[in-house]
Amino acid sequence: MPIQPLQKIWMDGELVEWDDAKIHVLTHALHYGSGAFEGIRAYDTNRGPAVFRLDDHLRRLLRSAHIYLMEVPYSLQELVQATKETILVNGLEACYVRPLVYRGYREMGLNPLLAPVNVSIAVWAWGPYLGEDAVELGVRAKISSWKRIDHNMLPPAAKASGQYINSALAKVEALKAGYDEAVMLNMAGSVTDGPGENIFVVRDGVLLTPPVSDGCLDGITRDSVITIARDLGYEVREQSLARADLYTADEAFFTGTAAEVVPIREVDDRSIGSDGRGPMTKELQEAFFAATHGEADPYVGWLTFVKE
Ligand code: PPE
């Protein structure tokens, strides 16, 4: 995804020029993946740009940092303010927001505890994550030969930088095999996540998604879709899924901040349901986009209005 340079990036309390937002090549996180990040979206609303579930994302960032014993030198409230400032100064109505907490420069070796903890927040314009047509037509997914990181190897609950080389291996394998996206299983063979998305299936009118204990990320879009589906009167169950549950689903879709809500039309060359976007997927997509754009009153509390 090529990035269009903007104006400023927030680094350790200051807004620096985009082209000056640099780090030393001996930054600990660059060598060892010792960082944690978030992916957040701000949407265009009739009250100006609004960040979707900002506090929830920043709380997860602080949890990820806590898991890795990184003490973040800013409070949640300071990070909220910094995010709003960064969006405002770059003048975007809608954007993707990438806060990063990372072990910085002047300490090498595998003990990260002596390295400083730095924080940055960047924004950029990020269009449809899985392609222009994916939102309507859906994507073709493939079960990856790469298992998702297991609880006893790396904590799946943390959105830690280094953990994403696992996702990248799965993503590249799927792309090189001619698919759009991967689906990762855990060591026991249960479905977990896409490389950067949670996964849902619809069976007999019930919405099913793997429990966080199976090793998926505790996704904020996932939580939003579960809430919306229940409010619409659907039964939602968090239960383990085997790969054949995907093959035989009536509908399936990915959720994520970058991906939003994207139908899955095939898994391992088996078409799912009517081979396109199913009716419940469409209904949930529409309700989700209404919520993110400030057009659904019950969910306005999920938005942080940048100019207010
Ligand atoms: N699982 C994984 C592994 C994951 O990385 C994400 C977000 C999700 C599920 C969905 O979580 P949430 O965004 O809270 O609904 N992936 C982020 C990074 C994507 C990237 O390519 O970078 C994102 O969507 O921002």
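The following refers to the structure shown. Only a predicted model underlies this, so the values are computations on that prediction, with no experimental measurement involved.

### A few points about the nonpolar core
Next up, step 1: By size, the foremost hydrophobic cluster in this structure holds 37 residues, and its most contacted members are Val51, Leu58, Ile87, Cys95, Val97, Val101 and Val123.
Next up, step 2: Among the elements of the structure, strand E1 (8-11), strand E4 (40-45), helix H2 (54-67), helix H3 (76-90), strand E6 (95-103) and strand E7 (117-124) are those that each provide at least two residues to this core.
Next up, step 3: Per element, the largest residue contribution to this core is six residues, and it comes from E7.
Next up, step 4: Contacts of Val123, omitting those with residues within four sequence positions, involve Leu6, Trp18, Thr86, Ile87, Asn90, Leu92, Cys95, Tyr96 and Val97.
Next up, step 5: Judged by nonpolar contacts, the second largest core, of 25 residues, contains Ala50, Ile226, Ile228 and Phe305.

### Description of the pairing of strand E5 (residues 48-52)
Next up, step 1: For E5, a buried count of five out of five residues is recorded, marking the element as mostly surrounded by other parts of the structure.
Next up, step 2: Pairing between E4 and E5: four bridges, direction antiparallel. Of the residues in E5, the one forming a bridge with Tyr43 is Ala50.

### So, the pattern of salt bridges
Next up, step 1: Within this structure, the stated rule accounts for 17 salt bridges.
Next up, step 2: A salt bridge links Glu238 to Arg222, with the shortest nitrogen-to-oxygen separation between them at 2.7 Å. Highlighted residues: Glu238 in strand E12 (residues 236-238) and Arg222 in helix H6 (residues 220-231), separated in sequence by 16 residues.
Next up, step 3: Take Arg222: its relative accessible area is 3%, and that puts it in the buried class.
Next up, step 4: Each of the salt bridges in this network shares a partner with another, and the network as a whole consists of Arg53, Asp56, Arg59 and Asp223.

### So, the environment of Glu78
Next up, step 1: Its place among the elements puts Glu78 in helix H3.
Next up, step 2: Classification of Glu78 as partly exposed rests on a relative accessible area of 42%.
Next up, step 3: For the pair Glu78 and Arg148, spaced 70 residues apart in sequence, the C-alpha to C-alpha distance is 33 Å.

### Description of the site of the ligand
Next up, step 1: Close to the ligand lie 24 residues, the nearest being Tyr96, Tyr129, Tyr164, Thr221 and Thr257.
Next up, step 2: Between the ligand and Arg98 there is a distance of 3.0 Å, counted from an oxygen atom to a side-chain nitrogen or oxygen.
Next up, step 3: Separating an oxygen atom of the ligand from a side-chain N or O atom of Thr257 is a distance of 2.5 Å.
Next up, step 4: For the ligand, whose accessible area on its own is 550 Å², the fraction buried by protein is 93%.
Next up, step 5: The cavity where the ligand resides is the largest pocket.
Next up, step 6: Taken together, the residues that form the shell around the ligand break down as eight nonpolar, 10 polar and six charged.

### Observations concerning the packing of H2 against H3
Next up, step 1: Running from amino to carboxyl end, H2 crosses H3 at an angle of 125°, the nearest separation of the two axes being 10 Å. In this view, H2 runs oblique relative to H3, as classed from their interaxial angle. Crossing geometry of H2 relative to H3 is assigned as right-handed. Within the contact between the two elements, H2 uses Leu54, Asp55, Leu58, Arg59 and Leu62 and H3 uses Leu76, Leu79, Val80 and Thr83.
Next up, step 2: Considering only residue class, the contact of H2 with H3 consists of six nonpolar, one polar and two charged.

Calculation criteria
Residues numbered from 1 in each chain as written. Predicted model: local features only at pLDDT ≥ 70, side-chain atom pairs only at ≥ 80, totals over all residues. Heavy atoms only, no water. Core = buried A, V, L, I, M, F, W, Y, C linked by side-chain atoms within 4.5 Å. Buried < 20%, exposed > 50% of the residue type's maximum accessible area, 1.4 Å probe, protein only. Helix = DSSP H or I, 4+ residues; strand = E, 2+ residues; numbered from the N terminus. Contact = heavy atoms within 4.5 Å. Pairing = 2+ DSSP bridges. Salt bridge = Lys/Arg side-chain N within 4 Å of Asp/Glu carboxyl O. Near = heavy atom within 4 Å. Polar contact = N/O pair within 3.5 Å; in protein donor to acceptor, adjacent residues only side chain to side chain. Areas by Shrake-Rupley, 256 points an atom, 1.4 Å probe, with all protein chains shown as cover. 1 Å grid on protein atoms, 1.4 Å probe; cavity = no way out; pocket = protein on both sides within 12 Å on 5 of 7 lines; lining within 4 Å. Sits in = over half its atoms within 2 Å of the grid points. Nonpolar A, V, L, I, M, F, W, Y, C, P; charged D, E, K, R; others polar. Axes fitted to C-alpha atoms, helices over the stretch in contact; angles between N-to-C directions. Parallel < 35°, antiparallel > 145°, perpendicular 65-115°, else oblique. Left-handed = near helix turned anticlockwise from the far one by under 90°.

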